[in-house]
Amino acid sequence: MSSNHERIGLFRHRRLRSSVSAYIDNELGPDETAEVRDHLRVCPGCAAIEAQLRRIVSSLKRTSTRHYDELVVARVTEQWSSREG
Ligand SMILES: [Zn+2]
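Residues numbered from 1 in each chain as written. Predicted model: local features only at pLDDT ≥ 70, side-chain atom pairs only at ≥ 80, totals over all residues.

## Considering the environment of Val36
So, point 1. Mapping Val36 onto the fold places it in helix H4 (residues 30-42).
So, point 2. The residues contacting Val36, other than those within four sequence positions of it, are Leu16, Ser19, Val20, Tyr23 and Leu28. (Helix = DSSP H or I, 4+ residues; strand = E, 2+ residues; numbered from the N terminus. Contact = placed C-beta atoms within 7 Å.)

## A short note on the environment of Arg54
So, point 1. Looking at the element boundaries, Arg54 is found in helix H5 (residues 44-62).
So, point 2. Look at Arg54 and you get partly exposed, because 13 C-beta atoms sit within 10 Å.
So, point 3. As for Arg54 and Val73, which are separated by 19 residues in sequence, their C-alpha atoms are 9.4 Å apart. (Buried ≥ 20, exposed ≤ 12 C-beta atoms within 10 Å, placed from the backbone.)

## Quick word on the confidence of the model for the protein
So, point 1. Mean pLDDT over the protein stands at 80; residues scoring 70 or higher make up 75%.
So, point 2. H4 holds the highest mean pLDDT among the elements of the protein, 94, whereas helix H1 (residues 3-8) holds the lowest, 59. (pLDDT = per-residue confidence, 0-100.)

## Section: the nonpolar core
Soluble globular proteins: nonpolar side chains tend toward being buried together.
So, point 1. The biggest cluster of nonpolar side chains holds 9 residues, and these are Leu16, Val20, Tyr23, Val36, Cys43, Cys46, Ile49, Leu53 and Val73.
So, point 2. For this core, the secondary-structure elements that each account for two or more residues are helix H3 (20-24) and H5.
So, point 3. The biggest single contributor to this core is H5, with 3 residues. (Core = buried A, V, L, I, M, F, W, Y, C linked by C-beta atoms within 7 Å.)

Laid out in structure tokens, this is it:
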């Protein structure tokens, strides 16, 4: 049980968590970008995902393996999704 997530809004949390990788790639519209940014400020779980994804993306961008990059990001997101509820 996570009272923290209840306060943030678990539904919103789950929806936004899947948008974090798109947020990092600047693929979201202005409204969604603002929503994710606000959520990252109040949700340590999603902020941790963002930090991890940014590390992976920046290290892979250096080797310019864009396709592989997306696979790894998807796997990390999946991993986090199965970790909690
Ligand atoms: Zn969250």
